Amino acid sequence: MKKAILLTALMSLCLTGSQAEEKTAAEEDQPQKIVTFVKEEHEPSWYAKQAALWKAETERNPNDEDAWWYYYQATRYKLLFADETDDYSPLADIFSEVEKALPNSFPYYLIKNMNSRFIAPDEEALDGMMKAIRMRPDAVNFYNDYVVCLMTKGDEEMLEDILKRWYDSGTFSANLLNYSYNALAGIEDHAILFVNGDTPTYSSLIVQYGKNLFRQTKIICTSLLFDKRYCQVVCRELGVEPIPFPTDAQSQADYDHWLEEMELRIIHETGRPAYFSTMMELPSFQDKLYSEGLVFRYSEKRYDNLALKQRNYEPRYLTDYLYESFVPETYEASAYKHNLNYIPTFKSLLDWYKEHDKRRYKELYSMMMTIVRKTPGLTDEKRKEYYDEINR
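Residues numbered from 1 in each chain as written. Predicted model: local features only at pLDDT ≥ 70, side-chain atom pairs only at ≥ 80, totals over all residues. Heavy atoms only, no water.

## What about the side chain of E292?
By the secondary structure assignment, E292 is in the loop between strand 4 (289–291) and strand 5 (295–298). Buried within the structure, E292 lacks any salt-bridge partner; R311 is the closest side chain of opposite charge, at an N-O distance of 4.3 Å. (Helix = DSSP H or I, 4+ residues; strand = E, 2+ residues; numbered from the N terminus. Buried < 20%, exposed > 50% of the residue type's maximum accessible area, 1.4 Å probe, protein only. Lys, Arg positive; Asp, Glu negative; His and termini not counted. Salt bridge = Lys/Arg side-chain N within 4 Å of Asp/Glu carboxyl O.)

The structure is reproduced here in structure tokens:
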């Protein structure tokens, strides 16, 4: 998950090489806002420098609430991406510092909640996060954390309010919203959609609540099911008995097994059509999952899923955005890469069109080639692999 910003090319052309270097050097001494790595992608060394710069800001002005949060986030991302240690005690140290400097403040509640999620569970952290949301309901940069809190809390009213605000702000990726719209448009009414990861979860929920579409579909974030509170919220809503959490789990495989058993219980006890996002790792029962485009449908029996792919691609999916968009992309680090999923998921339909519908074949072929061409950040080798797959 990651992203970037844009600047006018003409301005950079007006700068001489030395001027550009001076500007860069000056900017390096200024702390930069730390946003989710799904929007902007940086190296661990960048986060390390930002952590030092923001720490200095908190020392200069201990009452600067944003400085404390950016100091914390820069430190967390530095530790997360360095892959050199499992020691997250620096985050606990930052919380101790902010607790002394700004107790019961916005960053205090945010950091307490984050440490509860990633270091040591704290039963009071979620209630504190609710206070933070009420303090700054329009703080769009924190909406991802707000949404996780409200999903875990099961506060449907506040969740709807925040998701509407997020959509109205225009800050979320239009590309990702289009992608999730198509995924939701291709499934049956009153279905369950299992998703995982930040962007599939948030974009699906914003389509539901921000645009008020596909509200009968229940979206379940599988990674959040490991939080007992969220699992209980979901099970209570669906009328399903939760499976006891594996307290004696010895490995990741034990947790994966529990999750798959929980997914299957939800599917079987609700009897609702069940789908899995193509943006997640497939479970061990993938032989019962059938691709219908941007989702896999769970089915005990084999069926003609190619016909469903055709139905989704032709009348249901909105694909103009794949060719051209007139909205600045706010999630450049990951948004375009999602579109690459159209290639493996619709390759079988492309092959069928080649034999039975030349006009549709040319249309779908053009769409796939455009996706590869317009996706930034691909190596020449990777781009060639996608081109070869399309032409295979």
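## Here we look at unusual backbone geometry
Even without glycine at this site, N104 takes up a positive phi of about 60 degrees. Of note, N104 is situated in the loop between helix 5 (89–101) and helix 6 (106–118). Residue F214 is not a glycine yet carries a positive backbone phi of 55 degrees. Topologically, F214 is positioned in the loop between helix 11 (198–210) and strand 2 (218–221). Taking relative accessible area as the criterion, F214 reaches 26% and is therefore assigned partly exposed.

## Quick word on the packing of helix 9 (residues 156–169) against helix 11
For the pair helix 9 and helix 11, interaxial distance at closest approach is 8 Å and the crossing angle is 95 degrees. The orientation of helix 9 relative to helix 11 falls into the category roughly perpendicular. Here E156, L159, E160, L163, K164, W166 and Y167 of helix 9 lie close against helix 11, whose contacting residues are Y202, L205, I206, Y209 and G210. Class assignment of the residues belonging to the contact of helix 9 with helix 11 gives a composition of eight nonpolar, one polar and three charged. (Axes fitted to C-alpha atoms, helices over the stretch in contact; angles between N-to-C directions. Parallel < 35°, antiparallel > 145°, perpendicular 65-115°, else oblique. Contact = heavy atoms within 4.5 Å. Nonpolar A, V, L, I, M, F, W, Y, C, P; charged D, E, K, R; others polar.)

## Re the pattern of salt bridges
The full count for this structure, using the stated rule, is 22 salt bridges. Across the pair E57 and R60 runs a salt bridge, and its minimum N-O distance is 2.6 Å. Taken as a pair, E57 and R60 lie in helix 3 (residues 44–60) at a separation of three residues, close to a single helical turn. Given a relative accessible area of 59%, R60 falls into the exposed group. Here K153 and D127 are joined by a salt bridge, their closest N and O atoms 2.5 Å apart. With K153 in helix 8 (residues 143–153) and D127 in helix 7 (residues 125–135), this pair connects stretches of sequence that are 26 residues apart. Overall, K153 belongs to the partly exposed group, its relative accessible area being 35%. Through salt bridges that share partners, E65, D66 and R136 make up one connected network.

## Let's talk about helix 9
Along its 14 residues, helix 9 runs 20 Å from first to last C-alpha, staying within 8% of the 20 Å computed at 1.5 Å per residue. At the C-terminal side of helix 9, G170 shows a positive phi close to 70 degrees. (Expected span 1.5 Å × (residues − 1).)

## A short note on the side chain of H338
Relative to the elements of secondary structure, H338 occurs in helix 15 (residues 335–338). A polar atom in the side chain of H338 sits 3.0 Å from the side chain of T199. Residues within four places of H338 in sequence aside, it is in contact with L176, Y179, T199 and M279. (Polar contact = N/O pair within 3.5 Å; in protein donor to acceptor, adjacent residues only side chain to side chain.)

## Considerations on the confidence of the model for the protein chain
In the predicted model, the protein chain carries a mean pLDDT of 90, and 92% of its residues have values of at least 70. Within the model, pLDDT remains below 50 along residues 1–23, and this stretch shows 35 contacts once partners closer than five positions in the same chain are excluded. (pLDDT = per-residue confidence, 0-100.)

## Structural notes on the pairing of strand 2
Judged by which residues are buried, strand 2 turns out to be covered on both faces: K218 and I220 on one side and I219 and C221 on the other are all buried. Once you follow strand 1 (residues 192–195) into helix 11 and on to strand 2, the crossover reads as right-handed. (Right-handed = clockwise from strand over helix to strand, strands pointing away.)

## Observations concerning the environment of M368
Residue placement: M368 occurs in helix 17 (residues 358–374). Spatially, the C-alpha atoms of M368 and K347 are 9.2 Å apart, while their sequence positions differ by 21 residues. Look past the residues within four positions of M368 in its chain and what remains in contact with it is Y342, I343, F346, K347, L350 and I390.

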